[in-house]
Amino acid sequence: MPTAYLGLGSNLGDRRASLDAAVRRLRAEPGLRVLAVSAYYETGPVDCPPDSGDYFNAVSAVETDRDPHDLLKLLQHIEHQFGRVRAGINSPRTLDLDLLLYGDRVINTPDLVVPHPRLHERAFVLYPLNQIAPEARHPTLGKSVRELWDDRPIGELRAVHDPSERPDRSPDVLDGLSALVTGSTSGIGRAIGSAFRDQGADVIFHGRRDFRDGVSILSDDLSDPVACDRLVDEAWAMSGGLDVVVLNAGADTLTGDAARWSFDQKLDALLAVDLKATMRLGRNLGARMKERGRGVILTVGWDQAETGMEGDSGQLFAAVKGAVMCFTRSLALSLAPEVRVHCLAPGWIRTAWGETASPEWQERVRRETPLGVWGLPEDVAAAAVWLASPAAAFLTGQTIRVNGGAVRG
Ligand code: ADP
Ligand code: MG
């Protein structure tokens, strides 16, 4: 697939949040992969009406199965979703997305010019582009991005913002709470742990991989009940009592050696980790929380457990995750009123597997999800934050489908 470079700009509203959201939206697009994003630069307006505000600008490298015209349509659709009104050339905008380069293609049509005609003149484009792709070539000028940057384009760059740094946010809705997220060294679990921490919680991360991002417990395989009990003891002691527990750990039967296991081996692994460990941890931690008088437990199911999906994976996950969803409702009744218990049921979420899923899968996501995009781990995390927060005080025993509308209850 060809690599395209996109220019992102915003000079209205919360500019940083607009760029963050635009990058998330691109990451969710089936058939498109975000390969890199530059830092964000605050830049003075160039060729704009008087009184235009300063911009935040960034450049992103993407790989896509869309042709350039189709990609431009997508960019304009996203601009529109972000509330952009086309009020005149270079007028202020919440989000501007430009197609800068598309492989080595040269296009000159009324609605699309590639390479972008002003790309080589503008510092706010070339500086971030040079940061992520100095060797990319401009097909008509015959120069690399690094050489174009050396030609001294116009425009003033004022400040740099690292997109991974979180802005201050207050009030933090989970301030003062302690949380444990199992299976949180990657994917959805990691996104939930990070979101909890961003919202002020003290988070214990747990997993089998080495992980340096905060307090963590490395554990043996949770298919061992002794390891489950040890995790409960350690996490409870470390936190002095947990307020929120997310039972996210699951056996990976899709990638690595496990992908070649027999059906029965996969079933045993899923039953042991996804179901039995979730039940053991939920019952044990739930009893402690109930006695302490408060707490929230979230489990992780799967939206298609409710409708079925063809194939071995469909049978396996439907049986196991369906059992988790049913267990969760009974646990909620057992632990009420002190402890609230819910099941998060993700749909197609772009984890490591989704990043590299085949074109057929990209098409399937487009077709089967009413919202037309992949979910991101952050989407599941946002639901988890809300369920864990006091704002959700009147809910328990719910299955929350974070799935773009694919399966409706
Ligand atoms: P600008 O991005 O130059 O500030 P606008 O986004 O308001 O201006 O307008 C962009 C117009 O330019 C659209 O009508 C679009 O069809 C056209 N256009 C031509 N080439 C490109 C390109 N490479 N990327 C984005 N828009 C382009
Ligand atoms: Mg534009």
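Engineer: Describe the domain arrangement of the protein, naming the residues involved and giving the relevant values.
Structural biologist: Per the domain assignment, the segments of the protein are domain 1 (3–161) and domain 2 (178–402). Taken over C-alpha atoms, the centre of domain 1 sits 37 Å from the centre of domain 2. Considering only residue class, the side of domain 1 that touches domain 2 consists of two nonpolar, one polar and five charged.

Engineer: Tell me about the site of ligand 1, and please be specific about residues and values.
Structural biologist: Surrounding ligand 1, one finds eleven residues, the nearest of these being Asp 98, Leu 99, Asp 111, Val 113 and His 116. Looking at the shell around ligand 1, the elements that each hand over two or more residues are strand E5 (96–102) and strand E7 (113–114). Partitioning the shell around ligand 1 into residue classes produces six nonpolar, two polar and three charged.

Engineer: Could you give an account of the nonpolar core, with specific residues and numbers?
Structural biologist: With 68 residues, the main nonpolar core has Ala 179, Ile 192, Phe 196, Val 244, Leu 344, Val 380 and Ala 384 as its most contacted residues. With residues near it in sequence (within four places) discarded, Phe 196 still touches Leu 174, Ala 179, Val 181, Ala 201, Val 203, Val 244 and Val 385. With 38 residues, the next largest nonpolar core counts Val 59, Val 62, Leu 71 and Ala 133 among its residues.

Engineer: How would you summarise the packing of helix H5 (residues 187–198) against helix H11 (residues 377–388) if you had to cite specific residues and measurements?
Structural biologist: Angle between the axes and distance between the axes are the two parameters that describe a pair of packed helices. At a minimum axis separation of 8 Å, H5 and H11 run at an interaxial angle of 50°. As the angle between them shows, H5 and H11 are arranged oblique. As for how H5 packs across H11, the hand of that crossing is right-handed. Contacts between H5 and H11 involve Gly 187, Ile 188, Ala 191, Ile 192, Ala 195 and Phe 196 on the former and, on the latter, Pro 377, Glu 378, Val 380, Ala 381, Ala 382, Ala 384 and Val 385.

Rules used in this analysis
- Position numbers for residues count from 1 along each chain, tracking the sequence in the order it is written.
- All chains are assigned letters beginning at A, and all ligands numbers beginning at 1, according to the order in which they are written.
- Only residues with pLDDT of at least 70 are given local features in this predicted model, and only at 80 or more are side-chain atom pairs given and counted; all residues enter the totals for whole chains, interfaces and linings.
- Note that the domain bounds reflect an automated or database-derived domain assignment.
- Lys, Arg, Asp and Glu make up the charged group, whereas Ala, Val, Leu, Ile, Met, Phe, Trp, Tyr, Cys and Pro make up the nonpolar group; the residues left over, Gly among them, are polar.
- Proximity of a residue to a molecule or strand is defined by its backbone-placed C-beta atom lying within 6 Å of that partner.
- Strands here are runs of E lasting at least two residues and helices are runs of H or I lasting at least four, both read from the DSSP assignment and numbered beginning at the N terminus.
- Think of a nonpolar core as buried Ala, Val, Leu, Ile, Met, Phe, Trp, Tyr and Cys residues, each tied to the set through C-beta atoms within 7 Å.
- Here exposure depends only on C-beta density: within 10 Å of a residue's C-beta, 20 or more other C-beta atoms make it buried, 12 or fewer make it exposed, and intermediate numbers make it partly exposed, the C-beta atoms being placed from the backbone.
- Two residues qualify as a contact pair if the distance between their C-beta atoms, derived from the backbone, is within 7 Å.
- Between N-to-C directions, angles span 0 to 180 degrees; the directions come from axes that are lines fitted to C-alpha atoms, helices contributing only their stretch in contact.
- Any angle that falls under 35 degrees is termed roughly parallel, while one over 145 is termed roughly antiparallel, one within 65 to 115 roughly perpendicular, and all others oblique.
- Each crossing gets its hand from how the near helix is turned against the far one by less than a right angle, where anticlockwise is left-handed and clockwise is right-handed.

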